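# Understanding the architecture of this molecule
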Amino acid sequence: FLAAADGLGSMAIDTTQLNMSVTDPTAWATAMNNLGMVPVGLAGQQLVTDSICVPGFDPSLSMMTGITPINPMIPGMGLVPPPPPTDVPVVKEIIHCKSCTLFPPNPNLPPPSTRERPPGCKTVFVGGLPENATEEIIQEVFEQCGDITAIRKSKKNFCHIRFAEEFMVDKAIYLSGYRMRLGSSTDKKDSGRLHVDFAQARDDFYEWECKQRMLAREERHRRKMEEDRLRPPSPPAIMHYSEHEAALLAEKLKDDSKFSEAITVLLTWIERGEVNRRSANQFYSMVQSANSHVRRLMNEKAAHEQEMEQAKESFKNALTGILTQFEQIVAVFNASTRQKAWDHFSKAQRKNIDIWRKHSEELRNAHSEQLMGIRREEEMEMSDDDSGDNPTKKLRVDDSALAAQAYALKEENDSLRWQLDAYRNEVELLKQEKGQLFRTEESLTKDQQLQFLQQTMQGMQQQLLSIQEELNIKKSELEQAKEEQTHTQAMLKVLQEQLKSAKELAEINGHEESQANEINVLTVALVNQDREKNSEKRSLGLKSEKEALLIGIISTFLHVHPFGANIEYLWSYMQQLDSRISANEIEMLLMRLPRMFKQEFTGVGATLEKRWKFCAFEGIKTV
């Protein structure tokens, strides 16, 4: 069990501690070696050793050393033991206690399942207890796993056990799957299969959170101490201006060793605005002292340049000597490769000599190129000196001071010019922003005007289209009227000719005037009948198939309403079939067909109503 649980080795128990007889010594020794427990009444080891979890684990270790908190759910890193090797089978044996006996589960069955371990878990759930199991028996079995702080037993067959430390929970989980039997009884109330699992308790989680917060505080404190240690030291505090401090500072400015510290204080005072009419003379004297320090700096620069020239000269001489020796070595190798000496060397010696010769030639060429570069630089420096105004004299100290003042004035002039350019750019940006604002307002008004004009143009176009449609309708009606007029004129001419012929016949035959009047009446009736026929033809003329379909639907609707229907009722019915049709369109269609539809008024006064009826069948009957 121990090798399978943590892979940390096996353990043994001292057999001299046994003071009672054992019926099966082999099984007894196996159980003790695997589980680390002793029989009743014997002083020995615990049920499961500490090595199952973390050997020698100290919970306060992280608090003392500042180790970051460990995730307890990572195997091998936290409190959970590493998984057992897959190639080593887990062997569980019988466990004998004072009041009960624990029998191991079937090794062929899969291991019992457990829930995800909560952080800081110290409480386990134990289910499947025998009904007659008491709190003392439970404590006797599980106290070998570690110190128990509380046992909460339910009236049913389960309980919750809280241990003192987290690693003790892993020892209790090992007992999951064991069958527990009280004494030697075979009653069902005295036996049960244990199921041990992690339990989620508020106390455990609260303690874990407190520990994590404490570790976080320690980590923050450690990081802060590390940052304080690595932070660069603060600059020394600069004293406030006074006449006494100004006098001391003037003395420091004259001292070369304290000049750097003194010039920093002077710069800070000037930036703070300590210069006024009263202190202007003191500051001028200090600035003058700072200016006199330029002479020392130029002398130091000249000394360093002289040292650098000497170093260059010595380096060039050393490099020339090294190059001379390289030439001699290469000459030796070239002499060795001649036939007089070359034939006496072996093959391996020849190979080595050839390699050494090539390496020496490469080094010689590199050093010669370096020396030539140094000489070229010297020639360029000499040419620069010749092209100068004063090639033979060094710059005097006064000239250097004037050059420094000119450089300072130039920098000040440049800064002022840059500020002026910045102000100009800002003014141009402001002008552009104002122009953009005016442009945006003008563009908005123009857009609104354009939208209004577009809307009016659309309305005028719609009116123009409607007027064109009406004009086309009027033109068609006018053409029909002209055709009718020509037709009636032709009929009148025919009738007049018939009348003349009839009069001539009447005069010839001697008929009476009454017969002539009857003929006139007949002609007038024929003319009126012709006009009615033309009007009927004009009225019955349908423009499209849609109108014919509407006439059929309206005729059917009014036929089933013998008392008629008003135009609103008819329009509501027709709108279900065609939502785009209007009541005015239906009424115009009905008025165009007086032989099929007629209009009647019903009611009196306020109840007066206009209804349309279907009368086509009446017209057929009368005909």
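Values in this document were obtained by computation on a predicted structure and should not be read as measured data. (Residues numbered from 1 in each chain as written. Predicted model: local features only at pLDDT ≥ 70, side-chain atom pairs only at ≥ 80, totals over all residues. Heavy atoms only, no water.)

## Side note on the overall build of the protein chain
What the protein chain contains, in helices and strands, is 17 helices and ten strands. Residues classed as buried in the protein chain amount to 24% of the 623 residues present. For the protein chain, the proportion of contacts with a sequence separation of at least 24, taken over those separated by at least 6, is 64%. Element-wise, carbon and sulfur atoms account for 56% of the exposed surface of the protein chain, whose accessible area totals about 44,700 Å². (Helix = DSSP H or I, 4+ residues; strand = E, 2+ residues; numbered from the N terminus. Buried < 20%, exposed > 50% of the residue type's maximum accessible area, 1.4 Å probe, protein only. Contact = heavy atoms within 4.5 Å. Areas by Shrake-Rupley, 256 points an atom, 1.4 Å probe, with all protein chains shown as cover.)

## Observations regarding the pattern of salt bridges
Following the criterion strictly, the structure yields 24 salt bridges and no others. One salt bridge connects Lys 122 with Glu 207, and the closest N-O pair in it is separated by 2.8 Å. In this pair, Lys 122 sits in the loop between strand 2 (100-103) and strand 3 (123-127) while Glu 207 sits in helix 6 (residues 202-230), placing the two residues 85 residues apart along the sequence. Note on Lys 122: relative accessible area 13%, which makes it buried. Judged by relative accessible area, which is 33%, Glu 207 ranks as partly exposed. In this structure, the salt-bridge partner of Glu 547 is Arg 592, at a minimum N-O distance of 3.4 Å. One end of the pair, Glu 547, is in helix 14 (residues 545-559); the other, Arg 592, is in the loop between helix 16 (583-591) and strand 9 (597-602), and 45 residues separate them in sequence. Among the charged side chains, a salt-bridge network with shared partners connects Lys 122, Arg 162, Asp 204 and Glu 207. (Salt bridge = Lys/Arg side-chain N within 4 Å of Asp/Glu carboxyl O.)

## Some words on the sheet that holds strand 6 (residues 179-182)
Read from one edge of the open sheet, four strands run 1-2-6-7, paired in antiparallel fashion. In this open sheet, the two edge strands, each paired with only one partner strand, are strand 1 (95-96) and strand 7 (191-193). The pairing of strand 1 with strand 2 spans two bridges and is antiparallel. Along strand 2, the bridge assignment pairs His 96 with Thr 101. (Pairing = 2+ DSSP bridges.)

## Some points on the side chain of Lys 316
Position of Lys 316 relative to the elements: it lies in helix 9 (residues 280-336). Classification of Lys 316 by relative accessible area gives buried; the value is 15%. Here the side chain of Lys 316 touches Glu 378 through a polar contact of 3.4 Å, side chain to side chain. (Polar contact = N/O pair within 3.5 Å; in protein donor to acceptor, adjacent residues only side chain to side chain.)

## A word on the packing of aromatic side chains
Under the counting rule described, the total for this entry stands at ten aromatic pairs. Ring plane angle 50° and centroid distance 6.2 Å describe the contact between Tyr 174 and Tyr 178, whose orientation is recorded as tilted. In this structure, Tyr 174 and Tyr 178 share a single accessibility class: buried. Through a chain of ring-to-ring contacts, the aromatic side chains of Tyr 241, Trp 269 and Phe 283 assemble into a single cluster. (Phe/Tyr/Trp six-rings, centres within 6.5 Å; stacked < 30°, edge-to-face > 60°.)

## What about the nonpolar core?
In terms of nonpolar packing, the biggest core is built from 30 residues, with Val 126, Phe 142, Ile 161, Phe 163 and Met 180 touching the most fellow members. Mapped onto this core, the elements with two or more residues apiece are strand 2, strand 3, helix 4 (135-142), strand 5 (158-163), helix 5 (167-173), strand 6 and strand 8 (195-198). Looking at this core element by element, the count peaks at five residues for helix 5. Core analysis: the second largest hydrophobic core is formed by 18 residues, Ile 567, Leu 570, Ile 586 and Ala 616 among them. (Core = buried A, V, L, I, M, F, W, Y, C linked by side-chain atoms within 4.5 Å.)

## Remarks on the sheet that holds strand 4 (residues 148-153)
Sheet architecture is open: four strands sit in the order 4-5-3-8, paired in antiparallel fashion. Each edge of the open sheet is held by one strand with a lone partner, namely strand 4 and strand 8. The average angle at which neighbouring strand axes cross in this sheet is 20°, direction not considered. When strand 3 meets strand 5, the two strands line up antiparallel, connected through five bridges. Each residue of the ladder has a partner; that of Val 126, found in strand 5, is Cys 159. (Axes fitted to C-alpha atoms, helices over the stretch in contact; angles between N-to-C directions.)

## Digging into the packing of helix 7 (residues 243-254) against helix 8 (residues 259-272)
It is at 8 Å that the axes of helix 7 and helix 8 come closest, and there the two elements cross at 140°. By the angle between their directions, the pair helix 7 and helix 8 is classed as oblique. As helix 7 packs across helix 8, the resulting crossing turns out to be left-handed. Packed against helix 7, whose contacting residues are Glu 245, Ala 246, Leu 249, Lys 252 and Leu 253, the element helix 8 presents Phe 259, Glu 261, Ala 262, Ile 263, Val 265, Leu 266 and Trp 269 at the interface. (Parallel < 35°, antiparallel > 145°, perpendicular 65-115°, else oblique. Left-handed = near helix turned anticlockwise from the far one by under 90°.)

## Observations concerning helix 15 (residues 567-577)
The complete set of buried residues in helix 15 reads Ile 567, Leu 570 and Met 574. In an axial view of helix 15, the angular spread of the buried residues amounts to 65°, which keeps them on one side of the axis. For helix 15, the exposed residues set more than 90 degrees away from the buried face come down to Glu 568 and Gln 576. On its buried side, helix 15 packs onto helix 14, helix 16 and strand 10 (609-614). (Arc of directions from axis to C-beta.)

## Brief notes about the UniProt feature "coiled-coil region" (unreviewed entry) in the protein chain
Within the UniProt annotation, "coiled-coil region" (unreviewed entry) is assigned to residues 287-314 and 406-498. The span residues 287-314 shows a helical share of 100% and a strand share of 0%, and its end C-alpha atoms are spaced 41 Å apart. (UniProt positions renumbered as here; feature names shortened; annotations may be inferred.)

## Some words on the packing of helix 14 against helix 16
At a closest axis distance of 11 Å, the pairing of helix 14 and helix 16 adopts a crossing angle of 85°. Judged by the inter-axis angle, helix 14 sits roughly perpendicular to helix 16. Across the interface between the two elements, Glu 547, Leu 550, Ile 551 and Ile 554 from helix 14 touch Ile 586, Leu 589 and Leu 590 from helix 16. The class makeup of the residues in the contact of helix 14 with helix 16 is six nonpolar, no polar and one charged. (Nonpolar A, V, L, I, M, F, W, Y, C, P; charged D, E, K, R; others polar.)

## Some words on a nonpolar patch on the surface
On the surface, Ile 270, Val 275 and Val 287 cluster together into a nonpolar patch covering about 220 Å² of accessible area. For Val 287, the location among the structural elements is in helix 9. (Patch = residues over 30% accessible without salt bridge, like charges linked within 9 Å, V, L, I, M, F, W, Y side chains within 5 Å.)

## Regarding the side chain of Ser 360
For Ser 360, the location among the structural elements is in helix 11 (residues 347-387). With relative accessibility at 10%, the residue Ser 360 sits in the buried group. In terms of polar contacts, Ser 360 uses its side chain to reach the backbone carbonyl oxygen of Trp 356, at 2.9 Å. Apart from residues no more than four positions distant in its own chain, Ser 360 is found in contact with Phe 326, Ile 329, Val 330 and Phe 333.

## So, the pairing of strand 5
The pairing of strand 4 with strand 5 spans five bridges and is classified as antiparallel. Bridge pairing in strand 5 links Ala 150 to Arg 162. Between strand 4 and strand 5, which pair antiparallel in sequence order, lie four residues.

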